[in-house]
Amino acid sequence: MLSTAFHMPVIAWAAAAACLSGAATLLLTPAMIKAAYTFDWVDYPQADRWHATPTALMGGVAMYGAGALALLLLGPLAGVGTDVGLIGGGATLLFAVGVIDDLWGVGPTTKLAAQVGAAVLLMAAGHGFGPEWPLWASGPVTLVWVIGITNAVNLLDNMDGLAAGIGGIAAVALTAFAAAGGALPAALLGGTVGGAALGFLWFNAKPARIFMGDCGSLVLGYGVAALAVMGQGAVAAGPGVAVLAPICALAVPILDTTLVTVARTQADRSVTNGGQDHTSHRLVTLGLSESAAVGTLHGMGAVAGGVGLTALVVEPALFYAACAFGTVALGVIGGSLGRLDVYRTARVGGDGAPSVSMGPSSNAQAGQGRWQTVVAYLVGDGLLIGGALAAAHALVGSGGLAGGEGVPIVEGGVLVGAIQLAVLYAMGLYRRLWRHAGTPGIARIVGTILLAQAAAAGGLALVYGLGAVSAPLLTVDGVILTLGVLGSRLGRRGLQQGASLYRSRVAPAESTSNVLLYGTGERGMLALRALRDAEETDRVPVGFVDPDPSKKNQVVQGLPVFGGAGACADLCREHDIDEVIVAVGDAAADREQEVARQCAEVGVACRSFDVHMKPLRAGREDSTHGEPMHGPPA
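Because the structure is a prediction, the values reported are computed rather than measured.

Considerations on the nonpolar core
If you look at the biggest cluster of nonpolar residues, it comprises 71 residues, and the most contacted ones within it are Ile87, Leu122, Trp145, Leu188, Leu189, Tyr222 and Val224. For this core, the secondary structure elements donating two or more residues are helix H2 (10–38), helix H3 (59–78), helix H4 (81–103), helix H5 (108–124), helix H6 (135–156), helix H7 (162–180), helix H8 (184–204) and helix H9 (214–231). For this core, the element with the most residues is H9, which contributes 12 residues. In terms of nonpolar packing, the next biggest core, distinct from the first, is built from 21 residues, Ala388, Ile419, Tyr430 and Ala452 among them.

Structural notes on helix H13 (residues 290–309)
Taking 1.5 Å as the rise per residue, H13 with 20 residues should run 28 Å; its terminal C-alpha atoms sit 29 Å apart, in good agreement. Of the positions making up H13, those classed as buried are Glu290, Ala292, Ala293, Val294, Leu297, His298, Met300, Gly301, Ala304, Gly305 and Gly308.

Focus: the state of the cysteines
Applying the stated criterion across every chain, the model contains 0 disulfides. In this structure Cys599 is not part of a disulfide, and its nearest cysteine sulfur, from Cys606, lies 4.0 Å away.

Description of the packing of aromatic side chains
Applying the stated criterion to the full structure yields 5 aromatic pairs. For the pair Tyr64 and Phe95, a centre-to-centre distance of 4.1 Å together with 5° between the ring planes defines the contact as stacked. Note that Tyr64 is positioned in helix H3 and Phe95 in helix H4, a separation of 31 residues in sequence. Among the residues examined, Phe95 registers a relative accessible area of 14% and is labelled buried. Relative to Trp145, the ring of Phe129 lies with its centre 5.3 Å away and its plane at 55°, an arrangement referred to as tilted. Placement of the pair is Phe129 in the loop between H5 and H6 and Trp145 in helix H6, with a sequence separation of 16 residues. Here Phe129 matches Trp145 in class, with each residue buried. Cluster of aromatic residues (ring-pair linked, three or more members): Phe129, Trp133 and Trp145.

A closer look at the packing of H3 against H4
Between H3 and H4, whose axes approach to 11 Å, the crossing angle comes to 165°. Considering the angle they form, H3 stands roughly antiparallel to H4. Every pair of crossing elements has a handedness; the one defined by H3 and H4 is left-handed. Along the contact surface, H3 presents Gly60, Val61, Tyr64, Leu71 and Gly75, while H4 presents Gly81, Val84, Ala91, Thr92 and Phe95. When the residues that make up the contact of H3 with H4 are grouped by side-chain class, the tally is 6 nonpolar, 4 polar and no charged.

Rules behind the numbers
- Residues numbered from 1 in each chain as written.
- Predicted model: local features only at pLDDT ≥ 70, side-chain atom pairs only at ≥ 80, totals over all residues.
- Heavy atoms only, no water.
- Core = buried A, V, L, I, M, F, W, Y, C linked by side-chain atoms within 4.5 Å.
- Buried < 20%, exposed > 50% of the residue type's maximum accessible area, 1.4 Å probe, protein only.
- Helix = DSSP H or I, 4+ residues; strand = E, 2+ residues; numbered from the N terminus.
- Expected span 1.5 Å × (residues − 1).
- Disulfide = S-S within 2.5 Å.
- Phe/Tyr/Trp six-rings, centres within 6.5 Å; stacked < 30°, edge-to-face > 60°.
- Axes fitted to C-alpha atoms, helices over the stretch in contact; angles between N-to-C directions.
- Parallel < 35°, antiparallel > 145°, perpendicular 65-115°, else oblique.
- Left-handed = near helix turned anticlockwise from the far one by under 90°.
- Contact = heavy atoms within 4.5 Å.
- Nonpolar A, V, L, I, M, F, W, Y, C, P; charged D, E, K, R; others polar.

See below:
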């Protein structure tokens, strides 16, 4: 029997570990829920937490117990007891610190020390970041990686089902990658971690019956961090592929931690303190429901894991291209969500929406200026150019850059990329104004890419001769680059319109009136609050119009600013607007008339919002009841 067990395929060991760990979690978690309420291990609502009802804690005990059971039973049978045992020791260390933190609290120094110890045990088991790197480079990177991912998953545990789902999805992708390379220890550990996380998700999905706590999130984070390191030596691939592929599965935790760190640093807030400023919270601020926000991040995690697995079936150049384009896509998402102001304490209608916009002109970004925007676009376009060229070479070329004409791929690629980037910069694709354009902006991008390709062809001909110019390669490269640049520039608008479409689709059936608000000043905020506070649900605000062009494409109170006064008629048609509410006051009567004229043109109702005061006189009714007061009473 034992000899038969040793010959089981690696994927079978992973499946067995997942089934055993998942089943044990399903059995142990209800017991932990009862124990949590018995001993008052309950997470009560706090100002910086998302949940609104007391919820059982210590779900990580069930996850850890189930995982330990699976490894203790299957590890010796699979012959990986010592290897996995050291990593299990690191998980046990973090579990113990997490339990203490959940019950009594520990400082960040203690957590950091435990994470360092767990990383050392991972390296003692023979696993380090970069399988072919020297120890002086691999050791520090492994340490930073384990600490970073462990804390990233811990921070991601901020909404029902989020950390468990992301951790489980990542574990599945990492297990598949390890199993493809025959790495039995990693596959066994991955099945265990994935089974425990997905089993716990049954009880942690909204509405959560129990939270995993730090004793669960720290162990889960360490588990997937260790899996990513272990999987790097599993598959023989091109330079960097073995390192990049496992990292892809953890793109969502990396995005969330980066976004939170940058946003808190810019807002002069402590990075270590809790808050409602994570990716999930920002998606809710944008207009998604909590379940939709969690589902969106789960989907992003699955796509990212799938990109990592493509390294097993495509040549390295295509995988590099996928990673480059995926990185830019995450940057667009992170940049768009980072513009939302989630730090203001004021709320509108109790819906958790921020009080003001985090647009380019907001205080939070004042002084950061133009150079940061330019640098971000330069880095993003550099990735797009490299990815497009790599993909085009994989699809069209062979050997050198020009399809066998003797141009080295790296040397020629650097030349082409530098020329293309210079043309993009010279043609003004880094100016802020172009992002707000529609068809003219798209035409400008397409024309710029055509010019960049022509300049690249000229550069190749000048340096290497006419034979170095490959028309098919440059054509495919131009098409891919055009799509990438268009996506990076129009992605933010797409996110806003997608959120607006989602809000209109999930609105109650009786909410049939889409409202466009004109004015983002104080009066506009009052109008929005009145709509959201009203008991009737027949008006649904979908966005703002503002005469200030710099406010276009900002997000105010969770709603997008579509454009200026001259666009009202077009916006009413585009967004199926039923009513426009003008909230600018008497000082802008001419604008009110212009908006009313455009509304009449498209057959949309137009109303003016104003604040009225009336005098109260004792002993008799006021004859001016209901009329606005423009001065003191007589």
